[in-house]
Amino acid sequence: MHGDPGSYQPDSTAGRLRKLAQASSIIASTRPLDNLPKVLAEQAKTITNSHFCIVHLNTPDHVAITCSEDYVWWQDHVDLLDALVSAVGAADRPVRLTEAELEAQPAWIKVVERLPSRRPVCGWLAIPLIGTDQAHLGLIQLLDSSEGEFSEEDELLVGQLAQVAALIFENNAWRGKAHEVVQARDEFLSLVSHELKNPITSLRGFAQLLLRQLDRGDVPDPEKLRRTLQSIEQVSERLTRLINDVREVVRLDGGRVTLDLKAVDMGTLAESVAAEFQSSLSRRPITVDGSEPVRTLVDPLRWRQLLIHLIEYISASSTGSGPIEIEILNQDGRSPQLAIIDRESSISSEDWQQLIDRVQRSRSPTALGGAGLSLYIAYCMIRLHGGQLGVEALTDGATRIVVGLPSSSGKGAR
Amino acid sequence: MTLARRILLVDDDESIRDFISQALVEEGYEVTTAPQGAAALDLVDHGQPNLILLDLRMPVLDGWGFLEAYRGKPGPHAPVVALTASHDKAAAKLPPGVSAFIAKPFDLVELLDLVERLTDVPK
């Protein structure tokens, strides 16, 4: 027993229960929550009348220590306790050791070696913070009760306190996750609203343009009229695809997209996408160069979708009128590649690399700004196929967007 | 003879660039277009417009990025009208250097009136 034995009066059980109730109340009302580890350490130390308490929290990684004056030196040696925690499995279950039991622990040898003239430690109590799903959230460790060894009552009281703290930590984490989910939903709705307003603006604009011409008594030039009506048709198609894209993002984010893998020739598939794209989506020609057949395992529908979204994103970011080139490379069958090159793109390879870094980090299309839905869906499809998205700078200054696939593909099929 | 006023239209949506360009050309303006901020910066290096119509949310370099880079160039600077699909946000946080904003979907007459006022071209 350390401290001043003459002045110490042990608490009655009722007194200690009162302390536990007060401690629970203090912990529950602690704000900001960053202070919780420190408050928990202070309350655990108070309830057990111990001299040293250290609280480790896993998420966020945080350590708080509170101790009596005589134990301040221990703060520089808490790493010695880590070995003990591992050795006795205190991360998963409460462990209470007496002085003799501590000295018998092989892990305690390090304490003996480093601190030969230390005061003997009369008792050690370790109580893990366990979540409702049995996840390890943290650990409370106490050294030296004023009565020497820790009692079963100490273990029960600190165990109760640890449960309260675990619930608060979990509630806090859930509240944070719920807030993130709501925020992500709001941002997504905002993005969808933005993306819907563009085609609606175009439809309204083309209609008003034609009305102005008629009001002025202009005789519509048949060719211009045809182009305007074609634009209206294309915008209507885009609106339909946009609605489908929104549904797709919801399904992708909910993990509800499954792949139907088939052995497909990549060149044939790219040519059919190019033909479809040119007939309805773009005024730019698309060329497909595949020197040899490349058969790989993909979901043909999703792969088409991926290609369309990538080309759409590249096309939307460029004023070029020359061809968009698609290359299919076998790479000796090791890792087939599909590459897209826009030699008139104003996006540098450095900008593309930044975009790819952003899409790889983001969990939502909202982080990608305008046209983000296309790039986000394309990336999700590549990831589902177990592929990679990369960028290469060509010697003529153009940028090559590369979709790499594993040799047999379909790793991510769900 | 009055020289045609030059308008730089920056929007990632091709059909929006199409109909606004058509309407402005019919009103006698000279129009150049860019699908995003980086391409627009290249264009202003080759000739200062009298007015910039600028979408804010675009890939690669968005409207805010364009404005920052454009304001960093030697003046004089053309007035900028922000075209935005986010009405409330734009009203609350109009970026520095923006003379006016117009919320999508807008009325074509409203846009043409604004362009006329800011370029001061008599009809």
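Residues numbered from 1 in each chain as written. Chains lettered and ligands numbered in written order. Predicted model: local features only at pLDDT ≥ 70, side-chain atom pairs only at ≥ 80, totals over all residues. Heavy atoms only, no water.

Remarks on the overall build of chain A
Where we set the bar: In this description a helix means any DSSP run of H or I spanning at least four residues, a strand means any run of E spanning at least two, and both kinds are numbered starting from the N terminus. Only protein chains enter the accessibility calculation, which uses a 1.4 Å probe. A residue is then buried if its area is under 20% of the maximum for its type, exposed if over 50%, and partly exposed in between. Here a residue-residue contact requires only that any non-hydrogen atoms of the pair lie within 4.5 Å. In this description, accessible areas are obtained by the Shrake-Rupley approach with a 1.4 Å probe, and a residue is regarded as covered only by the protein chains that are shown.
Helices and strands together make up the secondary structure of chain A, namely 11 helices and 12 strands. Counting across all 414 residues of chain A, residues that qualify as buried make up 50%. Relative to all contacts within chain A whose residues are 6 or more apart in sequence, the contacts with residues 24 or more apart total 70%. Within the structure as shown, chain A displays about 20100 Å² of accessible surface, and the carbon and sulfur contribution to it stands at 51%.

As for the overall build of chain B
The helix and strand tally for chain B stands at 5 helices and 5 strands. Taken from the N to the C terminus, the helices and strands of chain B come in the order β-α-β-α-β-α-β-α-β-α. Residue pairs at least 24 apart in sequence account for 60% of intrachain contacts in chain B once pairs closer than 6 positions are excluded. With an accessible surface of roughly 5500 Å², chain B has 53% of that area assigned to carbon and sulfur atoms.

Description of the interface of chain B and chain A
Quick reminder of the rule: Throughout, buried area stands for the accessible area (probe radius 1.4 Å) lost by two parts on being put together, summed over both. Salt bridge criterion: a side-chain nitrogen from Lys or Arg within 4 Å of a carboxyl oxygen from Asp or Glu.
With 32 residues of chain B at the interface, the matching set in chain A holds 35 residues. Roughly 2900 Å² is buried in total at the junction of chain B and chain A, and carbon and sulfur atoms are behind 50% of that figure. When the area that chain B buries against chain A is broken down by residue, the three leading residues are B:Glu26, B:Arg57 and B:Val60, summing to 22%. Run the count over chain B and chain A and you get 5 salt bridges.

A short note on the packing of helix α1 (residues 14-26) of chain B against helix α5 (residues 108-119) of chain B
All names here are of chain B. Filter applied, for reference: Think of each axis as a best-fit line through the C-alpha atoms, taken over the contacting stretch in the case of a helix, with angles from 0 to 180 degrees between the N-to-C directions. We call two directions roughly parallel when the angle between them is under 35 degrees, roughly antiparallel when it is over 145, roughly perpendicular when it lies between 65 and 115, and oblique otherwise. Left-handed is the label given to a crossing in which the near helix is rotated counterclockwise from the far helix by less than a right angle, and right-handed is the label when the rotation is clockwise. Amino acids are sorted into nonpolar (Ala, Val, Leu, Ile, Met, Phe, Trp, Tyr, Cys and Pro), charged (Asp, Glu, Lys and Arg) and polar (every other residue, Gly among them).
In the contact formed by α1 and α5, the axes pass within 11 Å of each other and the chain directions differ by 55°. The orientation of α1 with respect to α5, classified from their angle, is oblique. As α1 runs across α5, the sense of the crossing is right-handed. Contact residues: α1 offers Phe19, Ile20, Ala23 and Leu24, while α5 offers Leu108, Leu111, Leu112 and Val115. Broken down by class, the residue content of the contact of α1 with α5 amounts to 8 nonpolar, no polar and no charged.

Considerations on unusual backbone geometry
For the peptide bond that leads from A:Arg31 to A:Pro32, omega is -5°, which places it in the cis range. As for its placement among the helices and strands, A:Pro32 is situated in the loop between α1 (13-28) and α2 (36-48). For the peptide bond that leads from B:Gly75 to B:Pro76, omega is 0°, which places it in the cis range. Note that B:Pro76 resides in the loop between α3 (63-71) and β4 (80-84). Backbone geometry places A:Asn49, a non-glycine residue, at a positive phi of 50°. Inspection of the secondary structure puts A:Asn49 in the loop between α2 and β1 (50-57). A positive phi angle, close to 70°, is found at A:Gln134, a residue other than glycine.

Looking at the packing of aromatic side chains
Residue and element names in this part refer to chain A. For clarity, the threshold we go by: Pairs were defined over the aromatic rings of Phe, Tyr and Trp, the Trp ring being its six-membered one, requiring ring centres within 6.5 Å. Orientation was assigned from the angle between planes: stacked under 30 degrees, edge-to-face over 60, tilted for the rest.
Applying the stated rule across the entire model yields 7 aromatic pairs over all chains. Centre to centre, the rings of Trp74 and Trp108 are 6.4 Å apart; their planes meet at 35°, and the pair counts as tilted. Of this pair, Trp74 sits in the loop between β2 (62-67) and α3 (79-88) while Trp108 is found in the loop between α4 (99-103) and α5 (109-114), placing the two residues 34 residues apart along the sequence. The two residues Trp74 and Trp108 agree in class, both being buried. Clustering of aromatic rings is evident, with ring pairs tying together Phe52, Trp73, Trp74 and Trp108.

Brief notes about the side chain of A:Gln43
Looking at the secondary structure, you find A:Gln43 in helix α2. Ignoring any residue separated from it by four or fewer positions in sequence, one finds A:Gln43 in contact with A:Ala23, A:Ile26, A:Ile27 and A:Leu161.

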